[in-house]
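These are the residues of each chain, in order.
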Amino acid sequence: GQSADLVTAVRGQLSQPNAYFTISEGLLRDAVAKPIDRRDPITDVILGTRIRGDGRTTGAVDLRTIPNDDKAVIEIDTRGRVVSQNRGFNGPAVIRSTSTTNFNAKQIVEFSNTQFRAERARVAAATGSNIHSVSKAGGGLGSRIVADVGMDKAREKQGQANRIAASHAEDRIGRRMTDEIDSRLRKAWKRYQDEYVHPLVRRGALPDHIRFSTTDDALDYEVTQASRAQLGAPGAPPELPADRDMVARVHETAINNYTAALLGGATISETDPKVGTKADVSL
């Protein structure tokens, strides 16, 4: 509590960030960009027709980092296709068709020391369909009339139905992507809080400086691991080596300060079972 100006000056020179972690855009891409190939049931209502189908979604996921100095920002880009075999029910008519929906979905994900969050996925889709047949449920009298009239009406409304189906697909794909990313982010945030933040908060040693950021080819995390009674690094870190997917640059003060914060004041007890003596070590 003495010589506040001197303490500030010393800390300004000798408390630089002392831990840097860098993950390349390529490694992040490899972690999330798994090929998509799944089957899902499809239910929908379009122009009064109740639709049931079995859809197969295939596609690929790409990722890029967006430069930002205040938080880490990445964009996830998913391109794919949904092919479904459908049956539609409208009055006595049963409509069998195949639909193909091509889509492109983009989602922004942000990491900061206060939250991990994702914006709602933005999806653009286009649907085309092929009507195979129209028949009367259960067959019997009037089947030919139902088939002929039903086919004419189905083809007349096919364009409008495709546009509605594409809009519904955009909502459906957007919700699924958003839910999946939100679930992963909640788990990652909980782990970050439980394993790093909360232990230091309990010790009153959470660093003042924690920063996530992104460049055009990497995600960076830097921290000054030092309490107000500790010092950080005396200068800048070593140059970041090229062509590395993951790099940690850690000054010795980060390790010393972190272990002191977690273990300082703790007592370790050990009893020798042979002689029954007990030894206590205070840290």
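Throughout this description, residue numbers start from 1 for each chain and increase along the sequence as written. Restriction of local features to residues with pLDDT of at least 70 applies here, the model being predicted, together with a cutoff of 80 or more for giving and counting side-chain atom pairs; totals for whole chains, interfaces and linings are based on all residues. For side-chain calculations, the full set of non-hydrogen atoms in the structure is used, while hydrogens and water are omitted.

The subject of this paragraph is a positive patch on the surface. The patch calculation keeps residues exceeding 30% relative accessible area without a salt bridge and links them within 9 Å when they carry like charges or within 5 Å when they are nonpolar (Val, Leu, Ile, Met, Phe, Trp, Tyr). Using the Shrake-Rupley algorithm and a 1.4 Å probe, accessible areas are obtained, with residue cover drawn only from the displayed protein chains. Any carboxyl oxygen of Asp or Glu within 4 Å of a side-chain nitrogen of Lys or Arg constitutes a salt bridge here. Under this rule, positive means Lys or Arg and negative means Asp or Glu; His and the chain ends count for nothing. All charge positions are set by atom: Lys at NZ, Arg at CZ, Asp at CG, Glu at CD. A contiguous patch of positive charge, built from R50, R52, R87 and R96, is present on the exposed surface. With respect to the helices and strands, the residue R87 is situated in strand 4 (residues 72–90). Relative accessibility thresholds used throughout: buried, under 20% of the residue-type maximum; exposed, over 50%; partly exposed, between the two (1.4 Å probe, protein chains only). Exposure remark for R87: the relative accessible area of 41% places this residue in the partly exposed category. Helix and strand assignments come from DSSP, with helices taken as H or I runs of at least 4 residues and strands as E runs of at least 2, each series counted from the N terminus.

Right, let's get into helix 4 (residues 158–202). Under the convention used throughout, the expected extent of a helix is 1.5 Å for every residue step, that is, one less than its residue count. The terminal C-alpha atoms of helix 4 lie 63 Å apart, and with 45 residues this matches the ideal 66 Å at 1.5 Å per residue to within 8%. Most pronounced at Q193, the bend in helix 4 amounts to some 40°. At any given residue, the bend is defined as the angle formed between two axes, one fitted to the seven residues that end at that position and one fitted to the seven that begin there.

All right, on to the nonpolar core then. Note on terminology: a nonpolar core comprises buried Ala, Val, Leu, Ile, Met, Phe, Trp, Tyr and Cys residues joined through side-chain atoms within 4.5 Å. In terms of nonpolar packing, the biggest core is built from 26 residues, with V109, F111, L185, Y192, Y196, F212 and Y221 touching the most fellow members. Mapped by element, the contributors of at least two residues to this core are strand 3 (49–66), strand 4, strand 5 (93–111), strand 6 (116–118), helix 4, strand 8 (210–214), strand 9 (218–223) and helix 5 (252–263). Counting residues per element, this core draws most heavily on helix 4, at six residues. Setting aside anything within four residues of it in sequence, one finds Y196 in contact with R191, P207, I210, Y221, V223, Q225 and Y258. By size, the runner-up hydrophobic cluster in this structure holds ten residues, among which are V82, F103, V123 and I173. Contact criterion: two residues are considered in contact whenever any of their non-hydrogen atoms come within 4.5 Å of each other.

Strand pairing requires that DSSP identify at least two bridges connecting the strands. With antiparallel pairing, four strands are arranged side by side in an open sheet as 8-9-1-10. Each end of this open sheet is capped by a strand with a single partner; those strands are strand 8 and strand 10 (246–250). Here the strands of the sheet are splayed against their neighbours by 10° on average, with no regard to which way each runs. Packing of helix 2 (residues 25–32) onto the sheet brings it into contact with strand 1 (19–24), strand 9 and strand 10, and relative to strand 1 it is tilted by some 60°. As a rule, the C-alpha atoms of each element are fitted with a line to give its axis, helices using only the stretch in contact, and angles between N-to-C directions run from 0 to 180 degrees.

On to the packing of aromatic side chains, then. Paired rings are identified among Phe, Tyr and Trp, the last through its six-membered ring, by centres lying within 6.5 Å, and are further divided according to the angle between planes into stacked (under 30 degrees), edge-to-face (over 60) and tilted (the rest). Evaluated as defined, the whole model comprises ten aromatic pairs. With centroids separated by 5.9 Å and ring planes inclined at 70°, the aromatic side chains of Y192 and F212 adopt a geometry described as edge-to-face. Of this pair, Y192 sits in helix 4 while F212 is found in strand 8, placing the two residues 20 residues apart along the sequence. Looking at Y192, the relative accessible area reads 12%, which means it is buried. For F212, a relative accessible area of 9% puts it in the buried group.

Nothing here speaks to function; it is geometry throughout.
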